[in-house]
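Coordinate analysis (summary)
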Amino acid sequence: MAIREDVLVVGGGIAGATAALAAAESGATVRLLSHKKSTLRQASGLIDVLGAIPRDGSSDGADPAGDRSPGDRTEPAGGGSTGESELVADPFEAIGRLPEAHPYRVVGGGAIRDGLELFDDAVGGAYEGAHTDRNALVITHGGTVKPTARYPESVAPGLASAERDTLLVGFAGLTDFDAPAAAAHLDAAGVPFAVDGATVEFPVRFRDDALTTRFAKALDTDESNARRRLADAVRDADADLDGYDRVGFPAMLGDDEGEAVRTDLEDRLGASVFQIPTGPPSLLGTQLEDLLFDALDAAGVRLASGNPAVGYEASDGRIDSVLVDRRGREVPYAAEEFVLATGGLVGKGIDSDRESVTEPVFGCHVPHPEDRYDWSEPEAFGGHAFARFGVVPDDDLRPAGESGEPEFENLRAAGGVLGGADTAREKSAAGVSLATGAYAGRRAGEEATR
Amino acid sequence: MSDAENPPTTEPIDPSATDGPATGSDLEPVSVFGDDGTMDLRPGADNCYKCSVCDTTCPVAEVDDDFPGPKFQGPEQWRLKRKEGSEIDDSIMSCSNCMRCDDACPSSVPLSQMHNTARGEYVDEQMDKLSVEYVRNRILANYRTSAWFASKVPRLANFAMNFGPTRWVMEKAMGITSERDFPAFATQTFREWWRNRGGADASRRNAREARERRGDPVDADKKVAYFHGCYSNYNTPEVAKALVRVFESFGYEIVAPEQRCSGTPMFANGMLADAERAAEVNVASFADLVEEGYDAVASCTSCSMALRQEYPELFDIEGIEDVAENTFEALEYLRIKEDLEGAIADASVEEQAFAYHAPCHARNQGLDRQALELFRELDGVAMEDVGDSCSGISGTYGWKEEKYETSMKIGEDMFEHMHDAAGDVGMTECPTCAMQMEHGTGYEIKHPLQLLEEALC
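What counts as what
Residues numbered from 1 in each chain as written. Chains lettered and ligands numbered in written order. Predicted model: local features only at pLDDT ≥ 70, side-chain atom pairs only at ≥ 80, totals over all residues. Heavy atoms only, no water. Helix = DSSP H or I, 4+ residues; strand = E, 2+ residues; numbered from the N terminus. Rg over C-alpha atoms; globule rule 2.2 N^0.38 Å. Contact = heavy atoms within 4.5 Å. 1 Å grid on protein atoms, 1.4 Å probe; cavity = no way out; pocket = protein on both sides within 12 Å on 5 of 7 lines; lining within 4 Å. Points joined across faces, edges and corners; volume = space filled by probe spheres on them. Nonpolar A, V, L, I, M, F, W, Y, C, P; charged D, E, K, R; others polar. Salt bridge = Lys/Arg side-chain N within 4 Å of Asp/Glu carboxyl O. Polar contact = N/O pair within 3.5 Å; in protein donor to acceptor, adjacent residues only side chain to side chain. Buried < 20%, exposed > 50% of the residue type's maximum accessible area, 1.4 Å probe, protein only. Core = buried A, V, L, I, M, F, W, Y, C linked by side-chain atoms within 4.5 Å. Pairing = 2+ DSSP bridges. Axes fitted to C-alpha atoms, helices over the stretch in contact; angles between N-to-C directions. Disulfide = S-S within 2.5 Å.

Scanning chain A from terminus to terminus reveals 10 helices and 20 strands. Here the C-alpha radius of gyration of chain A, 23 Å, is about what a compact globule of 450 residues would show, namely 22 Å. Along the first, second and third principal axes, the C-alpha set of chain A runs to 75 × 55 × 40 Å. Of the contacts made within chain A by residues no fewer than 6 positions apart, 67% connect residues no fewer than 24 positions apart.

Let us look at the side chain of B:Ser96. Looking at the element boundaries, B:Ser96 is found in the loop between α4 (70–80) and α5 (100–104). The residues touching B:Ser96, leaving out its near neighbours within four places in the chain, are B:Val60, B:Ser394 and B:Tyr397.

Moving on, we come to empty space enclosed by the protein. In total, this model carries 11 cavities of 30 Å³ or more according to the counting rule given. As a volume, the largest cavity reaches approximately 160 Å³. Contributing to the lining of the largest cavity are 15 residues, with A:Arg31, A:Arg302, B:Arg335, B:Glu341 and B:Leu374 lying nearest its centre. Counting residues per element, the ones that place at least two in the lining of the largest cavity are α20 (340–345) and α22 (370–375) of chain B. Residue contributions to the lining of the largest cavity peak at 3 residues, all from α22(B). Its residues assigned to classes, the lining of the largest cavity shows 4 nonpolar, 1 polar and 10 charged. Volume-wise, the second largest cavity comes out at about 120 Å³. Surrounding the second largest cavity, 15 residues form its lining, B:Cys58, B:Cys95, B:Cys98, B:Met99 and B:Cys101 being those nearest its centre. Grouping the amino acids of the lining of the second largest cavity by side-chain chemistry returns 9 nonpolar, 5 polar and 1 charged.

Our focus in this paragraph is the interface of chain B and chain A. Facing 46 residues of chain B, the contacting portion of chain A comprises 37 residues. At the boundary of chain B with chain A, the tally comes to 7 salt bridges. Summed over the shared surface of chain B and chain A, the number is 17 residue pairs in polar contact (both at pLDDT 80 or more). Residue composition of the side of chain B that touches chain A, grouped by class: 13 nonpolar, 11 polar and 22 charged.

Residues and elements named next belong to chain A. Position of Ser282 among the secondary structure elements: in the loop between β12 (272–276) and α8 (283–298). What makes Ser282 buried here is its relative accessible area of 1%. Not counting residues within four places of it along the chain, the set of residues in contact with Ser282 comprises Arg41, Ala43 and Ser44.

Residues and elements named next belong to chain B. With 126 residues, the main nonpolar core has Phe247, Phe375 and Leu452 as its most contacted residues. Leaving out residues up to four positions away in the same chain, Phe247 has contacts with Val224, Tyr252, Ile254, Val297, Ala330, Tyr333 and Leu334. Counting 42 residues, the second-largest nonpolar core is a separate cluster that includes Met271, Val283, Ala298 and Leu314.

Further remarks concern the sheet that holds β12(A). In sheet architecture, strand pairing relies on hydrogen bonds along the backbone and comes in two forms, parallel and antiparallel. Residue and element names in this part refer to chain A. Strand order across the open sheet formed by 4 strands is β10-β9-β11-β12, with parallel pairing between neighbours. Both outer strands of the open sheet, β10 (195–200) and β12, are each paired with one neighbouring strand and no more. For this sheet, the mean inter-axis angle between neighbouring strands, taken without regard to orientation, is 25 degrees. Note: strand β11 (residues 246–250) against β12, 5 bridges, orientation parallel. What sits directly across from Gly248, in β12, is Phe274. Relative to β12, helix α7 (residues 258–269) is tilted by about 130 degrees, and along the sheet it contacts β11 and β12.

All names here are of chain B. Under the defined criterion, the tally for this structure stands at 0 disulfides over all chains. There is no disulfide at Cys433, and the cysteine sulfur nearest it, in Cys430, is 3.6 Å away. In this structure Cys433 comes out as buried when scored by relative accessible area, which is 6%.

Given below as structure tokens:
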């Protein structure tokens, strides 16, 4: 068994990257395994910690209002379709109100701070939001507002809490972002500023269904004077441009030269310019992936991607190695300590069929109702039980069996694979990954180098 | 959760199976090529949820606005093809078969398999067999045949192939770009060297001596069958020799069985029948050895890719699964079986710095970091990664006159990073990436096995 490190992290998302960085800080040798390109490419690039506490979020999904007074009820700004939630201004202050099985309750606010600190160090100055514990409100491409702890620099001028009149600009033919509809949605939600939307022809003509990266590249290289002509097109679309303090575009304003593109557009438009995070393939997500993987490289973390982890070898209650399926041949990757960070149902770290819900790599216990009709609610955006499916950690983040005893002495779990959080409704996916990744990685590193 | 419960099988379907289609559901399986029933790509197409991440990792789409990208070439084209009388879009020929889309897909859509089958169908049914393009592609795809002739008279071939007027004619008449220098043919092929050296018998003796020296049991079961491929046989035998010496130094007995081209250039040109003929020879030759306990090792990452992934995805040949399972890339094999890290830690070489490029086909096998990580620990060596862009040559792709410019545009990023890197020697596992690196920078290019040989032998 020749491939061996002190710590092996399985999973290449935020949780895995954070765990690997935390473990590397302890001086351990670390390897990060991932099956495919990081799922960060699908993500908005925003780092949310806790934006809302669902009011019907109890583990059986049958407690829609609880015993709180009706005065606590708030609809998320601009949303309304995510069910009843209590909006959170300060995530740290709100942790105590989460269900006891929530990962935040297991690792505590200290781990969240730890995770955020690792993140801030890893991304350098590319993100903002570290100056406060309170949530920032970021405008999304659907015209809703997302409570967020960290956000890319280029997103910062667009925060919904700033009372600055706003023009949103979309590109004709780009179906993912409808600027007038997004503006109307924000307006209806009662944002504290005037907001309008306009659609312009992008100055360089691409084939239909062009790549988002193509728009970015045209602006990066200023192809056929794309920057000037884009500014002109915005002026033509809205004669009264002077009335706006800021102009928001879908997050395609350059890649390598993003800052120069924005500065150029700001000079020409006489307003500050910001980016609005988009769906996949997301440039902001891809840039975050690059930042995190550069940090992993700088920390000396070894990387292996392209093949899935499919099983393990264990003795005396300890995992000896993780088996990686290399097209039919299982190759062992040995380590002292392991971190499971393979994601939830969407990331395929949790699997299900009609009979049961499982964790496919280590076969860890995943509690779920026997009758699969109890896994979901009739309402599409209801408090589904499946959203909280995942492994159950002990107080050291080790996945526990039915009896509550850890399944393996040297396995910890982080991120979406952990149960107990409804991260989509709570707006907590990135934060749970950071906090539990930092905790699991640090503990794995400590144990491995002891 | 889909109520159809289609298991995502993309294996060739055995048409003789009596208990119904391999999809195991009451849905009728849909075959790509009508009723000849060799492959069911429907579950693969259905897995696509249109996130378009594949499109953003496609090196061709990045520089060629007219290329619709892997999402179209794969699942969308497959669906369009369902309509009777519809043809494969000719843009399929602009796919370079780098297979990066496979690695990008979060939903395990078998994109490269779809591209390979669509390209095969396009060439079979829609391409004019008398066209210059077809003839040119066929010649490029069957590089081994040309190389075999050239190796008989290597000096003459080297002169003639890079002789100005010949190249002018080749470009005008055949569409083979005159921008590139043809790789030199070695005056002695690897197989000639291997035979003169005493073949497998000599290797057995060397391996036994090494085992004695290392303290391994003399009868240790350390046997590998070397798939050297065409390039290290005809053009860079120093890579093949390095493999032999390194593996022998770890106590491995080597055999070099009969072999043809791995098929990589044939897949990329849609010449699936040629590829299958070559695959049949290779599988027959290696399957027997695998059964005797040999593992197959390759020094070219496209060759190991073909044996491991493309063969079982595209062909139904007896023994193919066993060969695929037991095929390894050379460095990967030593990392798994030996304490390579320990050996490197004790070694040192003269000071040198490398600009390393990971070939696309190495990425898809999860091998893109191994040379970097290993040699960073080698005393005297500085390794620098030149970024994750594709080199752009993609085998025969960059040799086509009409693709040359695209190929060089894709490579631009890599060239730039190579110039920025401290080292002025390049390193890569792939012979055609090496051609492109040399063409774009003028650097000498080495294979990781050559550095390993320098360190350990």
